[in-house]
Each structure stands twice: as C-alpha cells, then as structure tokens.
Amino acid sequence: MDFRRITNLPPYVFTIINGLKTEARRAGVDVIDLGFGNPDLPSPEIAVEKLAEAAHNARNHRYSVSRGLPKLREAVAALYKRNWDVDLDVELEITNTIGSKEGFSHLMWVLLDRGDAAIVPSPSYPIHIYGPLFAGADLRQVPMRSLSDPLAREDWSFHFHTIPLVPPLILISCNVSSTSVANAR
Amino acid sequence: MIVVHDFAYADIGFDGHKPPSILQAKGAKECAVELYSMTKSFSMAGWRVAFLVGNRDVVQALVKLKSYLDYGTFQPIQIAATVTMNEAADYPHEICAAYHSRRDALIDGLERIGWDIPKPKGSMFVWAQIPEPYRHMDSVEFCSHLVREAEVALSPGVGFGPGGEGFVRFALIENEQRIRQGIANLKRGLPNLTAR
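Residues numbered from 1 in each chain as written. Chains lettered and ligands numbered in written order. Predicted model: local features only at pLDDT ≥ 70, side-chain atom pairs only at ≥ 80, totals over all residues. Heavy atoms only, no water.

Draft legend 1. Structural detail: helix H2 (residues 45-55) of chain A. Among the residues making up H2(A), those that are buried are A:Ile46, A:Ala47 and A:Ala54. Buried residues along H2(A) cover an arc of 100° about the axis, so they all sit on one side. (Buried < 20%, exposed > 50% of the residue type's maximum accessible area, 1.4 Å probe, protein only. Helix = DSSP H or I, 4+ residues; strand = E, 2+ residues; numbered from the N terminus. Arc of directions from axis to C-beta.)

Draft legend 2. Molecular detail of the packing of helix H5 (residues 139-150) of chain B against helix H6 (residues 176-189) of chain B. All names here are of chain B. Two elements in contact, H5 and H6, have axes separated by 9 Å at closest approach and are oriented at 100°. The angle between the axes of H5 and H6 places the two elements in the roughly perpendicular class. Where H5 abuts H6, its residues His145, Leu146, Glu149 and Ala150 lie against Asn185, Leu186, Arg188 and Gly189. In terms of residue class, the contact of H5 with H6 is built from 3 nonpolar, 3 polar and 2 charged. (Axes fitted to C-alpha atoms, helices over the stretch in contact; angles between N-to-C directions. Parallel < 35°, antiparallel > 145°, perpendicular 65-115°, else oblique. Contact = heavy atoms within 4.5 Å. Nonpolar A, V, L, I, M, F, W, Y, C, P; charged D, E, K, R; others polar.)

Draft legend 3. Summary view of the packing of helix H3 (residues 70-84) of chain A against helix H3 (residues 75-87) of chain B. Interaxial distance between H3(A) and H3(B) falls to 9 Å at its minimum, and their mutual angle equals 25°. Here H3(B) runs roughly parallel to H3(A), going by the angle between their axes. For the crossing formed where H3(A) meets H3(B), the hand is left-handed. When H3(A) is examined against H3(B), the residues A:Lys71, A:Leu72, A:Ala75, A:Val76, A:Leu79 and A:Arg82 are found in contact with a partner set consisting of B:Gln78, B:Ala81, B:Thr82, B:Met85 and B:Asn86. (Left-handed = near helix turned anticlockwise from the far one by under 90°.)

Draft legend 4. Inspection of the packing of aromatic side chains at higher detail. Under the definition given, this model contains 14 aromatic pairs over all chains. With centroids separated by 5.9 Å and ring planes inclined at 75°, the aromatic side chains of A:Tyr80 and B:Tyr36 adopt a geometry described as edge-to-face. One end of the pair, A:Tyr80, is in helix H3; the other, B:Tyr36, is in strand E2 (residues 32-37), on a second chain. A:Tyr80 sits in the buried class, given a relative accessible area of 0%. (Phe/Tyr/Trp six-rings, centres within 6.5 Å; stacked < 30°, edge-to-face > 60°.)

Draft legend 5. Main features of the side chain of B:Thr84. Position of B:Thr84 relative to the elements: it lies in helix H3. Overall, B:Thr84 belongs to the buried group, its relative accessible area being 0%. Excluding residues that lie within four positions of it along the chain, B:Thr84 makes contacts with A:Pro44, A:Ile46, A:Ala47, B:Met38, B:Phe42, B:Met44 and B:Ala89.

Draft legend 6. Region of interest: the interface of chain B and chain A. Every contact between the two is made by 110 residues of chain B and, on the other side, 95 residues of chain A. We note a salt bridge from A:Glu93 to B:Arg56, for which the minimum N-O separation is 3.1 Å. Summed over the shared surface of chain B and chain A, the number is 40 residue pairs in polar contact (both at pLDDT 80 or more). Ranked by the residues each element gives to the side of chain B that touches chain A, the list is headed by H3(B), at 13 residues. Each residue belonging to the side of chain B that touches chain A can be placed in one class, and the counts come to 65 nonpolar, 27 polar and 18 charged. Sheet analysis places strand E1 (residues 32-33) of chain A next to strand E5 (residues 152-153) of chain B, joined by 2 bridges and oriented parallel. Considered in E5(B), the bridge of A:Asp33 is made with B:Ala153. (Salt bridge = Lys/Arg side-chain N within 4 Å of Asp/Glu carboxyl O. Polar contact = N/O pair within 3.5 Å; in protein donor to acceptor, adjacent residues only side chain to side chain. Pairing = 2+ DSSP bridges.)

Draft legend 7. The layout of surface pockets, seen in detail. Within this model, the largest pocket holds a volume of roughly 780 Å³. In terms of lining, the largest pocket is formed by 33 residues, of which the most central are A:Phe36, A:Gly37, A:Lys101, A:Tyr125 and B:Lys40. Those elements giving two or more residues to the lining of the largest pocket turn out to be helix H1 (14-26), helix H4 (100-111) and helix H5 (126-134) of chain A together with helix H1 (38-41) and strand E6 (155-156) of chain B. Top contributing element to the lining of the largest pocket by residue count: H1(A), with 4 residues. A per-class count over the lining of the largest pocket returns 16 nonpolar, 10 polar and 7 charged. (1 Å grid on protein atoms, 1.4 Å probe; cavity = no way out; pocket = protein on both sides within 12 Å on 5 of 7 lines; lining within 4 Å. Points joined across faces, edges and corners; volume = space filled by probe spheres on them.)

Draft legend 8. Here's a closer look at the nonpolar core. Core analysis: the biggest nonpolar cluster contains 110 residues, and A:Tyr80, B:Phe51, B:Trp115 and B:Phe170 have the highest contact counts within it. At 9 residues, helix H4 (residues 91-112) of chain B tops the list of elements feeding residues into this core. Every residue in contact with B:Phe170, bar those within four places of it in the chain, is listed here: A:Leu34, B:Leu106, B:Leu110, B:Trp115, B:Met124, B:Phe125, B:Val126, B:Ala128, B:Leu154 and B:Leu186. (Core = buried A, V, L, I, M, F, W, Y, C linked by side-chain atoms within 4.5 Å.)

Structure below.
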C-alpha cells in the first residue's frame, strides 16, 4: 500500500548509528551513548509524589481539559513572570500541549496550508522540517553558521534577502545547538 | 508572518547567559508564539507536558483544533506539573548546573586530546565540527567509525538537515565519569589527533 505522507519519508539517519550501537552492545561492548538526547537526570521528587497521590484519587480518572486545568495555566503564567518578566493572559494566551512535538505538529496544521512556506534553520530538529511538510506546506531551509564563524551574527539578515518571501509564511526557530543560541536572538 | 519559537532549553544557559523568551521582545505578542516544555527544565521527559504561549489568536486557534483531537493530558500529570512549577521553581537551576559541569568535562577533555570546540552557551548538547584529520568522512561515516573504533555513539549532524553535515552532536546525558571514559575511548579511536 502507498500512503501519501509516509512513502516518501527518508530513513531516519539516527537509525544507522543506533543499529551499529545495538550490534556492538549485543557483542558485549560497553558503548557510551552520547547520541540520543534522552535526559538521564531524575524528575523532581515532588512531581513523582504528586503524580502518585493524584493517581490514587478516582476523581482524576476521567477526561480532563485539553487546554489545561486553570491552575496549570496559572502556574505557567507565574513562571513566565518570574523568569522573563512576561505577562500572559491565563484565559487567552496559554494552552497546554501533550509535549512540544504534539503542540508543534498541530500548530503547523493551524498555521499552514498548501502553497504556504515555513522558514526553518538548518540544522534543525526533524520535527521542525516534517511538521510543516505533513501540513502540506513548503520549506525554506536557512543554513546556520558555527559560533566560531565570523559571519555567524549576520546570518539571519544575510539569508533573509535571498529567500523568496511568499506569504503567508512562518518562521520557526529553536536553539538546537550552540550555533543557533547565537543566531536566534 | 508568524514566528514560532521552540524554547526547549529555556532554563539551560551557561556562563551567565540566560536564554531569552521571544515574548520579551517589544510587540512580540502581535506575531509570535513560543513552546515551553517541562522536559529539560524539570527533567520530565516522557511526561508530555508543554505549553504554547503568546499571540492569542494563534493560541486560541490551536485550542480549537485540539478540542477536536484530544481531551487533554491525564489529570494527575497536570496536577503534578502544576505543583512542580509552583513549588520546585529552583529545580531548573540544579538541572542547569549539572549540564554545565558536564559541558565543561566534555569540552576540556576533548581539548586535551586535540579536538577543539567552542563552548556553547546553552542547551544539553554540544556540536562539534569533525576534526581536521578526519574531514574526508561525512558525519554518518565518522559516527560509524566512532562506534566501531571508540565505542562511543554520537549523532551525525546530517540527521538535522544538510546544514548539519560536517558536524556531530554530543548529548550531555551521561555523568562526568562516563564522559571522561568516553574521551579516553575517543583518544584511542582517533589516533590522528594531536594530543596536548
């Protein structure tokens, strides 16, 4: 069977290295894996305690609220005020998402249509490339430069002139690396 | 034009660098939204708790779409996330400190074996250009070589698009002792580097 959104997906290159790693580990080699960005630090004790406590309460065993409980959104507003002095309207300017990838993917459905384009830095996370593509939009990938490159800081202004700006358009940015920490500002 | 800022490493900044929220910029709410995640800041990977914040039209449009798709995160997780943000507000600093010392262990160690990399100012990753004596390899070949000859697995830069070719990515997800062991392995697997 042929599935329009699936058939043309390139193989995930990380699977090549993962395959070699798994093979080596099976042969008894202690491979140190600094590849997959899977955090090893524990979640805060209080998160685990509250999860257990709330899970024991049958009132919590029902569907919840898609955009998040009011108290959850209030906690986000407080966190933004505390950390960045940004004011957020709890009713209108915050929604919970089921992780960033879910939020991002569905956001692309909201923002993009056929004929639209997303400007995405390269390198970027695969989701920043495939999110817009799954939504049927086009991509304009903008090369980023390394921190040690003297041209790094001019990057965005330089490349913007070279991108045909076909509105509507969205720009996706993420500090995927040391590179874009410098450039995304 | 709408700007989407994926603020995945919001709390992971080093050497006094504090990653800025795009919403701090004047007029940002007219055109920008930001994704904030608890995955790295509170080390809650797999809990699936993140937020879209900013421009209200965009946020409400996503709310409407999602109302057709899901009934929200399991409520005990929402409750735990709420209490954590309110009562463990300093936890991201501890997480940040751990990544900071791992970054230093990695970069200082690599420098000693002759692989110089600029110190990133944030995130839980270190990007490194393939060292000079090995630049005839692309990033997949180089990473394959490292699994076989150094018993270290890294991510090939090309996995993040053509702009990542020529680079590899280290994730700071092992403790310092393990990182030092990894550097010793790399030294063995990369004999053409000139150690200090």
